[in-house]
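Remarks on the overall topology
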Amino acid sequence: MRVLAEVHARDGYPVNWPDQPGEWLSRGALLGSWVVELEGGLVGHVGLSRGGEGDLAPMLWSERNGVARGMTAVVSRLFVAPQARGHRIGALLIGRAVEDARRRGLHPVLDVVASDTAAAALYERLGWELMATVEQRWSLHQTVAIRCFGAIVKSCGRGLQRWVR
């Protein structure tokens, strides 16, 4: 929780600090979560889950590709300690979540608040496709712009596909 608190203080992620951060990290239909340790300390986290009510990226991906929403997995709760940035830890964590989604036969998707330009830039550098930017109502008094991304699948010839991370 300390690293998450550091990220929240520096970057404002998560936008709304959860009452129970540990529960927030494991909420939903969690398929898995991974952490990175550096020099004996936790420096990063990512989760992978089934899409839940209100998750826009799975809906957009399924509509766009004509497949069931259940064929997606949501990459979420990604954060890296401020002092550990610049070592490709975020890319490593996303790669691990993408591998697990692929192993399960699911297509990875994610969303990010539009104001988090550093996260969006990371996803774009890693080859994720921006599907849409939409307004999402989080409460009576809070509407947030959300950027929805899907991992790109490219053909490698001979009918095979390769996941781009």
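Residues numbered from 1 in each chain as written. Predicted model: local features only at pLDDT ≥ 70, side-chain atom pairs only at ≥ 80, totals over all residues. Heavy atoms only, no water.

With that settled, consider the sheet that holds strand β2 (residues 41-49). Within a sheet, adjacent strands bond to each other through the backbone by hydrogen bonds, running parallel or antiparallel. Reading across from one edge, β1-β2-β3-β4-β6-β5 is the order of the 6 strands in this open sheet, with mixed pairing throughout. Looking along the sheet, the strands with just one partner apiece sit at the ends: β1 (30-38) and β5 (128-139). Neighbour-to-neighbour, the strand axes of this sheet turn through a mean angle of 25°, independent of strand direction. Of the pairings in the sheet, the one linking β5 to strand β6 (residues 142-151) comprises 10 bridges and is antiparallel in character. Residue pairing in the sheet places Arg-137 in a bridge with Thr-143 of β6. Its contacts with the sheet put helix α4 (residues 89-103) on β1, β2, β3 (72-80), β4 (107-113) and β5, and the angle it makes with β3 is roughly 160°. (Pairing = 2+ DSSP bridges. Helix = DSSP H or I, 4+ residues; strand = E, 2+ residues; numbered from the N terminus. Axes fitted to C-alpha atoms, helices over the stretch in contact; angles between N-to-C directions. Contact = heavy atoms within 4.5 Å.)

Quick look at the pairing of β1 now. Two faces, one strand: in a regular strand the side chains alternate between the faces of the sheet. Where β1 meets β2, 8 bridges bridge the pair, whose relative direction is antiparallel. By the bridge assignment for β2, Leu-38 is matched with Gly-41. In this structure, the hairpin formed by β1 and β2 is closed by a connection of 2 residues, where Glu-39 is found at a positive phi of approximately 50°.

Looking at where His-107 falls in the secondary structure, it is placed in strand β4. Here the side chain of His-107 touches Ala-151 through a polar contact of 2.5 Å, landing on its backbone oxygen. (Polar contact = N/O pair within 3.5 Å; in protein donor to acceptor, adjacent residues only side chain to side chain.)

Looking at the chain, the pLDDT average stands at 88 and 92% of residues meet or exceed 70. Per-element confidence in the chain ranges from a low mean pLDDT of 36 for strand β8 (residues 161-163) to a high of 96 for α4. In this model, residues 155-165 is a region of pLDDT below 50 whose contacts with residues beyond four sequence positions or in other chains number 24 contacts. (pLDDT = per-residue confidence, 0-100.)

Right, let's get into the packing of aromatic side chains. Counted by the stated rule, this structure contains 3 aromatic pairs. Between Tyr-13 and Trp-24 the ring centres are 5.8 Å apart and the planes differ by 65°, which places this aromatic pair in the edge-to-face class. Of this pair, Tyr-13 sits in the loop between α1 (2-11) and α2 (21-26) while Trp-24 sits in helix α2, placing them 11 residues apart in sequence. In this structure, Tyr-13 and Trp-24 share a single accessibility class: buried. An aromatic cluster of three or more residues is present, and its members are Tyr-123, Trp-128 and Phe-149. (Phe/Tyr/Trp six-rings, centres within 6.5 Å; stacked < 30°, edge-to-face > 60°. Buried < 20%, exposed > 50% of the residue type's maximum accessible area, 1.4 Å probe, protein only.)

Turning next to the side chain of Ser-76. In this fold, Ser-76 is placed in strand β3. Those residues within four positions of Ser-76 in sequence are excluded, and the remaining contacts are Val-46, Gly-47 and Ser-49.

What follows concerns unusual backbone geometry. The omega angle of the peptide bond from Tyr-13 to Pro-14 is -5°, so this bond is cis rather than trans. Of note, Pro-14 is situated in the loop between α1 and α2. Positioned with a positive phi, Glu-39 is a non-glycine residue whose angle comes to about 50°. Here Glu-39 shows up in the loop between β1 and β2. On the basis of relative accessible area, Glu-39 is assigned to the exposed category, the value being 82%. Even without a glycine there, the phi angle at Arg-77 is positive, about 55°. Relative to the helices and strands, Arg-77 is located in strand β3.

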